[in-house]
Amino acid sequence: MRIPRLRPAAALLLVPLLAGCFVAAPGDPYGDDGGAGSGGGARLRVALAFPPAENYSPYGMDAYDLSRLGVVEGLTRLDANGTAVAALAESWYAEGNGRDWLFALREATFHDGTEVTAAAVADSLTRAALAEPPPGALSGIRLTAEAAGDRLVRVSTEEPDPVLPLRLSNPSLAVFAPSAFTGDRVNPAGTATGPFVLTTTTGDTAASLDRFDGYWGGRAHASGVDVRYISDGTARANALRTGEVDVAEAVPVAQVPALDPDTVHEINTARNTSLYLNTSTGLFTDAALRAAAREAIDTAAVADGVYEGYAEPAQGLYGPALSWAAGLRGAPTGRTADPAEPDGAALTLATYNDRPELPETAQVVQQQLERAGFTVRLEVRGYAQLESDLLAGAFDAAVLSRNMMLETGDPVTVLASGYTCEGSFNPALLCDPAVDALTEAARAEAGPAQRQQAAIRAEAAVLGTDAEIPLVHLKVVTGIRPGVTGVVLDPYERELVGAGTRR
Amino acid sequence: MSTTRNPGGIPARRRGPALLWRGALLAALVCAIGLLPWLSRTDPALTVLKARALERTADPETLRAVRDELGLDDGPLVLLGRWLGGLARGDAGRSWVSGTEVAPVVGHALGVSLLLMAGALVVALATAAAICGRPLWRGARLRPGGRAGGGGRGGSAALAALPEFLIASLLVAVVGVRLGWLPASGWYGPAWMVLPSLALGLPAGAVLGRLLADALPGAFAEQWVPAARGRGLPPGTLARHALRRAVAGLLPNLGLFVVGLTGGAVAVEQIFDIPGLGRLTLRAALAQDLPVLQLGVLALVALAALAAALVRLGVGALIGPALRDGALQAAHRPGGTRRRWGAPLGYGLVLAAVVALGLPRDPLALDTGLRLTAPSWAHPLGTDALGRDVLARVAHGALTTLGTAVAVSAAALLVGLLLGLVPRLSGPLAETVNAVPAVPAALLITGVVGGGPWTPAVAVAAVAWTPLATHAGSLLLQERAALHVTASRALGAGRGHLLRRVLLPAVLPPVLRHALLRLPGIALSLAALGFLGIGAQPPSPEWGLVLSENQPYVERAPWAVLAPAAVLALLGALAVTAAGAARRGEPGAAGAPGARWRRRRAVRAAAAGTAPSGTAPDTARERMPQ
């Protein structure tokens, strides 16, 4: 009689067999010494928010993770002012026709010990340009690259491209050794040029990096980096609070007050949250109602009430992270209509919940619009479920968050895609001759200063249409344990761990 | 020891059709998932692109490239055929999103989830043991004619009503972060298992314990108990035999629970950062990454089949011979001698008071200046993240939440009972449906029925019937093997009569109580579908929505989460205690149809000195005609 009763218990004996089902710990996540490696310097423990989606393919968003971890580099990089500065290329200039650029390489070695040659760089860029689908930084661009000398690379585009050096700062155009291209995929482990070498990866949950002793910029302070990908914001903040990681990126606003104030480091980003009004169908085709909506919005309530001060009330499309914008900005142009009385006009306001603050923002906006006399119905979905309906004009209005500098770091690119008739991501479905003309003029400008001025003129025209009502410019909070220094806080979210980061 | 090779009471010749049916269901499921993008009319190239890079602009050229890369233009049937062909060669394909091989990824996630489930199972069994400890203790020491009470009904029902994510969030915040006793996130060793296992196991164990405690008094009321007591068997032995008798009816539900937890622990996996199968299939479903989703679901369905086989073996080992020989006694409780209306009345009054106090308040008026204020006279339950009155939201949400949840529960109960009547048909169906994680299931159903206002209710009801049908099926199996049914049949009772007058009255009450126990869970599932764009939308004060929108603030403003969770728990306690109090004289009571047979059989059994039916099958077999 006893035997059958024990059978379920016997099944539990199988449990130890499953012990292989734990994740191999990156370093020792609970130890405090971090396993000092050879040559001094403790290992850093970093929690990133976005797990690699494409197994570290350098042609997608995973390139940003690799760039944030100091594994990959391109020919150029963006500095805090949004201009291209030297990385693997020491200097560059455009040849006469504006279609060809010559980049002079610095002396550097790949992680596999081979030298960074012009041929290797040209091959690497050519492969990126031929990738299917192509990297976002190259959408609409045909790029070719060839060695023009031992340390000289010629990069050419079909049409003159004044922002090519900015474009090449994109992490998905990073440079890899020929050995990266031997298998059926591009393998960034041990083939890039940054201060850290990607050594082991554990699916999309963890990765381990070692210091690269041959880095051209000098050996990194930290002996290595143990990376954990924690997509849940609360879990990321908790890992920092319990001391399981030294650095946690993108701590959600809701979790910031729970952190030790010493660990909170904020920086302005080029990301905005805005209210977009559908100018092609529905009630907001009426400019007077758009003006009424603009009058109804109180951006301070969003900045303080929802973002708890980790955002600034919006001034325009380009926020304080782009330091040049505020000095150039004038009043919005082309406003003709006076605000009309909404009289209970009904509208659907859409937003997505991938960013936790957006549904709250949408509810605040809803209340403000209703006080002004609109009748508002909310529609909240996941972003992937929302986008195609959004771009098809299914909603009257939408609260979206958008990085104005995502792919190229060029202020004009986002204008062309976001606010022109031909724009590929134009949530307001705006098609305004004045905006199109000013954007076209801005695209032709070559000098950075002239380009910025032209972009600001186009911004004024966009704001004049009331197609987008900017709500707030966002800050991002990086959690850094006391004692950890040299973490790079980058408004473009491309850098985090660098050669100078240590603890 | 019995030599039966026929556990579960299903003759061997009927196994063939059952296997066929299971195979057909599996094939239908795999095909349905293969057709998912075409059913839901969502371009997989778009969802895959968005899974790779959320903010990547989906221009036609990029989508074309993705479509070519995945071969989507070949159409669903060719894709499915190719995938099945590869599977036959042992190649499960590559993920559409990441391009990595699917099999190792799913295998590792399955291992993690199984381990997590094992931990949760230990906690759940301990919880269940704690809950039914008292009825077991009292039942084993009962004097003849006494009544074994359920005991602690409200408390365990309240625990069963608590959402997993709330327990998880509280455990992380208090034990993991504040006290620092156990690691708060990750999955690196046994220490990391404790908190997630508790979060998953406590509510599930409460459900199981509640069901077990519900069945125990019936077991103690069987005629072998006085006989055994008369022979001087110690209470411990009695308790063991009674437990064995009651557990048999619950094992199928335990199987469902095990499989459901393996694939459905998404919230807990997120909060504790565990790379399990729930998160994997959720991401794959949203991205329409079909190779991952198909293999993930296939693994879960295989697990479900394995669990079902083990359950059959278990039931066979526990009461198999008695089942086969029709030597069981009806597993009802004796008619209630005393109805306890005190507890449900109390719970109901508190609930009504909360609603009455909150209804005059405005649930939508937001004032971000009052964000997350603690309870005060002005806001007795505090305010939420947008400065809205929590009391008002809870009260106003009660009406919509309860309305839909009750409707869905009723539908699930009806479907569950009807399908439970044909267990051979519904058993594999319930196990297969239960194995599919919630989000893919909801996406499939949305694809089929479209996105109407009733879609979330249909999607939840489509899954909610499974535990009820399983419960009804296993009770029915035992009931059909009961002596009094044989006797009724011998006296010429037709099938309809048997069903109406004997079987249904016996099965309905415990299944109804089970349905009520799961009512709060249904309210939560309804809200969980909101992020797919179906179901309740903000700013509606629907309870599930109120809970999920305040989850990020559980540490800073616990009242905003605890208040709706408390009313949900209150609802659970009310439902279960009320059902317990309303228990009528079930067939065991005088005047009920089965009673005559029961009395005669009791006399006969006493005369023959029949030993406990399930526990001494050899004896029982000797006494019964072959």
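Rules used throughout
Residues numbered from 1 in each chain as written. Chains lettered and ligands numbered in written order. Predicted model: local features only at pLDDT ≥ 70, side-chain atom pairs only at ≥ 80, totals over all residues. Heavy atoms only, no water. UniProt positions renumbered as here; feature names shortened; annotations may be inferred. pLDDT = per-residue confidence, 0-100. Contact = heavy atoms within 4.5 Å. Helix = DSSP H or I, 4+ residues; strand = E, 2+ residues; numbered from the N terminus. Buried area = accessible area lost by both parts, 1.4 Å probe. Salt bridge = Lys/Arg side-chain N within 4 Å of Asp/Glu carboxyl O. Nonpolar A, V, L, I, M, F, W, Y, C, P; charged D, E, K, R; others polar. Core = buried A, V, L, I, M, F, W, Y, C linked by side-chain atoms within 4.5 Å. Buried < 20%, exposed > 50% of the residue type's maximum accessible area, 1.4 Å probe, protein only. Axes fitted to C-alpha atoms, helices over the stretch in contact; angles between N-to-C directions. Parallel < 35°, antiparallel > 145°, perpendicular 65-115°, else oblique. Left-handed = near helix turned anticlockwise from the far one by under 90°. Pairing = 2+ DSSP bridges. Right-handed = clockwise from strand over helix to strand, strands pointing away.

The name given to chain B in an unreviewed UniProt entry is Peptide/nickel transport system permease protein, with the source organism recorded as Streptomyces harbinensis. Quoted verbatim from the Subcellular location (unreviewed entry) field of the UniProt record, the comment on chain B reads "Cell membrane". Regarding chain B, the UniProt comment filed under Sequence similarities (unreviewed entry) reads as follows: "Belongs to the binding-protein-dependent transport system permease family."

Looking at an unreviewed UniProt entry, chain A carries the name Peptide/nickel transport system substrate-binding protein, with the source organism given as Streptomyces harbinensis.

Asks: How do you make sense of the confidence of the model for chain B when you look at a structure like this?
Replies: Should the pLDDT be low somewhere, the predicted coordinates at that spot are not to be read in detail. All names here are of chain B. Here chain B shows a mean pLDDT of 81. Residues at 70 or above account for 85%. With pLDDT under 50 throughout, residues 1-12 is counted as low confidence; its partners more than four residues away or in other chains account for 18 contacts. Across residues 333-337 the pLDDT falls below 50, and counting only partners more than four positions away or on other chains, this stretch makes 16 contacts in the model.

Asks: Please explain the confidence of the model for chain A as it appears in this structure.
Replies: Residue and element names in this part refer to chain A. Averaged over all residues, the pLDDT of chain A equals 89, while 93% of them reach at least 70. Mean pLDDT in chain A bottoms out at helix 1 (residues 2-11), which sits at 53, and peaks at strand 11 (residues 247-248), which reaches 96. When the criterion is pLDDT under 50, residues 28-38 qualifies, and its contacts beyond four places in sequence or with other chains add up to 21 contacts.

Asks: I keep staring at the interface of chain A and chain B and nothing clicks. Help me out?
Replies: Accessible area lost on assembly of the parts is the figure often given for the size of an interface. At the interface, 75 residues of chain A touch 72 residues of chain B. In total, chain A and chain B occlude about 6000 Å² of area from one another, counting both sides; carbon and sulfur atoms represent 57% of this. Between the two partners, chain A and chain B, sit eight salt bridges. Counting only elements with at least two residues in the side of chain A that touches chain B, the list comes to helix 1, strand 10 (224-229), helix 5 (233-241), helix 7 (299-306), helix 9 (357-371), strand 15 (375-381), helix 10 (383-391) and strand 16 (397-403) of chain A. Element by element, the count of residues in the side of chain A that touches chain B is highest for helix 9 of chain A, at six residues. Of the residues belonging to the side of chain A that touches chain B, the class tally is 35 nonpolar, 19 polar and 21 charged.

Asks: Explanation requested: the nonpolar core in the structure shown.
Replies: It is characteristic of soluble globular proteins that their nonpolar side chains tend to be buried jointly. Counting 178 residues, the largest nonpolar core has Trp-187, Phe-257, Phe-272 and Val-511 of chain B as the members making the most contacts within it. When residues of this core are assigned to their parent elements, the largest contribution, 17 residues, is made by helix 14 (residues 290-325) of chain B. Beyond its immediate stretch of four places on either side in the chain, Phe-272 of chain B contacts Ala-168, Val-172, Ala-184, Ser-185, Gly-186, Leu-195, Pro-196 and Ala-199 of chain B. Leu-78, Met-404, Val-412 and Leu-430 of chain A belong to the second largest nonpolar core, which has 87 residues in total.

Asks: Is there a simple way to think about the UniProt feature "domain: Solute-binding protein family" (unreviewed entry) in chain A in this case?
Replies: Using the residue numbers shown here, the UniProt feature "domain: Solute-binding protein family" (unreviewed entry) corresponds to residues 85-424 of chain A. Along residues 85-424 of chain A one finds 24% helix and 25% strand; the C-alpha atoms at either end are 29 Å apart.

Asks: Looking at this structure, how should I read the packing of helix 20 (residues 483-490) of chain B against helix 21 (residues 495-517) of chain B?
Replies: Any two packed helices are characterised by the angle at which their axes cross and by the distance between the axes. Residues and elements named next belong to chain B. One can describe the packing of helix 20 onto helix 21 by two numbers: an axis separation of 11 Å at closest approach and a directional angle of 155°. On the basis of the axis angle, helix 20 is roughly antiparallel to helix 21. Between helix 20 and helix 21 lies a crossing whose hand is right-handed. Note on element contacts: helix 21 touches helix 20 through Leu-498, Val-502 and Leu-503, opposite His-484, Val-485, Ser-488 and Arg-489. In terms of residue class, the contact of helix 20 with helix 21 is made up of four nonpolar, two polar and one charged.

Asks: When you look at the pairing of strand 14 (residues 346-352) of chain A in this model, what are you seeing that I'm missing?
Replies: Across a regular strand the side chains alternate sides, sitting on one face of the sheet and then on the other. All names here are of chain A. Taken across its seven residues, strand 14 has six buried, putting it largely inside the fold. With seven bridges connecting them, strand 14 and strand 15 associate as parallel partners. Residue Leu-347 lies in a different strand from strand 15, and its bridge partner there is Val-376. Taken together, strand 14, helix 9 and strand 15 constitute a β-α-β crossover, and its handedness is right-handed.

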